[in-house]
Amino acid sequence: MSKPARLGVLVSGEGSNLQALLDAVANRSLAADLAVVISNKPNVRALARAERAGVQAVCIPHREFATREQFDHAVVRALRAHAVDWVVFAGFMRLVTDVLLDAYALRILNLHPSLLPAFPGVDAVRQALDYGAKVTGCTVHLVTREMDAGPIVAQTAVPIAEDDDAEQLLKKVHEAEHRLLVEAVGAACEGRLEVVAGPQRSRVIVHPRGSDERSPL
Ligand code: GRF
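Residues numbered from 1 in each chain as written. Predicted model: local features only at pLDDT ≥ 70, side-chain atom pairs only at ≥ 80, totals over all residues. Heavy atoms only, no water.

J.: Mind showing me how you'd approach the sheet that holds strand 6 (residues 135-142) here?
T.: Strand pairing in a sheet relies on backbone hydrogen bonds, with the paired strands running either antiparallel or parallel. The 7 strands lie next to each other as 3-2-1-4-5-6-7, forming an open sheet whose pairing is mixed. Either end of the sheet is taken by a strand with one partner, and the two such strands are strand 3 (57-59) and strand 7 (152-159). If you compare each strand with its neighbour and ignore which way they point, the axes differ by 20° on average. Contacts from helix 2 (residues 45-52) reach strand 1 (5-11), strand 2 (32-39) and strand 3 within the one sheet, and its direction differs from that of strand 3 by about 150°. Across the sheet, helix 3 (residues 68-81) lies against strand 1, strand 2 and strand 4 (86-89), angled at about 155° from strand 2, the strand it touches most. (Pairing = 2+ DSSP bridges. Helix = DSSP H or I, 4+ residues; strand = E, 2+ residues; numbered from the N terminus. Axes fitted to C-alpha atoms, helices over the stretch in contact; angles between N-to-C directions. Contact = heavy atoms within 4.5 Å.)

Shown next as structure tokens:
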């Protein structure tokens, strides 16, 4: 059997999605090595979650760098030092530059709390609620230069009840995210993602488990 893929998870805060990955690795529903967790903010709960699980937890405070590029160089050094194959943005609240994008081209997954391309950017759950949408959800996509616009890997829909407030809806979206992220990261680690060129933009095919087709990713 081939060696499990090595993950580098980037976080900025609570880390409930990181926890879903940690739990899935621990209970073997995700065949991956969690090589390193990197936070751009000190003292966040996500770092404590990593430490508790015995995973390398590194803080690289973005405020200590003069430019986004310099920060990204430090992140790439840390990812390479841990021989990371796939990078996962799990609540990582920083815009990244070509430094990171080129180092891990089509190897970075981002989790976003809406059904992209609807409601990109910050406060996506609040945006959906304020818009009066009847359905929202969450998306895992490959990270490219455009924010929240890379090829979609997986999505889950979450219905919005008439009486949902922001807190209730956020809870439902988070629950959906925890399942979706594990599923999408698993597909990436198992080499089941294939990027194909389309007429306007690239898209991702997720091959089923056990299929013969193997991705070039
Ligand atoms: C998630 O809703 C994710 O979609 C967004 O930030 C949130 C992070 O939550 N990008 P957590 O830190 O994983 O609990």
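J.: What's the story with the pattern of salt bridges in this structure? I'm lost.
T.: In a structure, side chains of opposite charge can pair up when their charged atoms sit close to one another. According to the stated counting rule, one finds 10 salt bridges in the structure shown. Between Arg145 and Asp98 there is a salt bridge, with the nearest N and O atoms lying 2.6 Å from each other. Of the two residues, Arg145 sits in the loop between strand 6 and strand 7 while Asp98 sits in helix 4 (residues 98-103), which places them 47 residues apart along the sequence. Given the relative accessible area of 36%, Asp98 is considered partly exposed. Here Glu190 ties to Arg209 by a salt bridge, and the two come within 3.0 Å at their closest N and O atoms. Residue Glu190 is found in the loop between helix 6 (166-189) and strand 8 (193-196), and its partner Arg209 is found in the segment after strand 9 (203-206); the two are separated by 19 residues along the sequence. (Salt bridge = Lys/Arg side-chain N within 4 Å of Asp/Glu carboxyl O. Buried < 20%, exposed > 50% of the residue type's maximum accessible area, 1.4 Å probe, protein only.)

J.: I'm lost on the side chain of Asp72 in this one. Help?
T.: Tracing the sequence through the fold places Asp72 in helix 3. It is Arg94 that comes nearest to the buried, bridge-free Asp72 among opposite-charge side chains, at 6.6 Å. Polar side-chain contacts of Asp72 include one of 2.6 Å to the backbone nitrogen of Thr97. Filtering out sequence-adjacent residues up to four positions away, Asp72 remains in contact with Val96, Thr97, Val99 and Leu100. (Lys, Arg positive; Asp, Glu negative; His and termini not counted. Polar contact = N/O pair within 3.5 Å; in protein donor to acceptor, adjacent residues only side chain to side chain.)

J.: How should I be thinking about helix 2 in this particular structure?
T.: In an α-helix, one turn spans 3.6 residues, which is why side chains three or four residues apart end up on the same side. Every buried residue of helix 2 is accounted for by Ala46, Leu47, Arg49 and Ala50. Buried positions in helix 2, seen along its axis, are confined to an arc of 160° and lie on one side of it. Every exposed residue of helix 2 that faces more than 90 degrees away from the buried side is listed here: Glu51 and Arg52. Turning to helix 2, the residues buried within the fold contact strand 1, helix 1 (16-26), strand 2 and strand 3. In the segment just after helix 2, Gly54 is the residue with positive phi, at about 75°. (Arc of directions from axis to C-beta.)

J.: What's the story with the nonpolar core in this structure? I'm lost.
T.: Soluble globular proteins tend to bury their nonpolar side chains together. The biggest cluster of nonpolar side chains holds 48 residues, and the ones touching the most others in it are Val9, Leu21, Leu109, Val153 and Val185. At 11 residues, helix 6 tops the list of elements feeding residues into this core. By size, the runner-up hydrophobic cluster in this structure holds 22 residues, among which are Ala35, Val75, Val76 and Val96. (Core = buried A, V, L, I, M, F, W, Y, C linked by side-chain atoms within 4.5 Å.)

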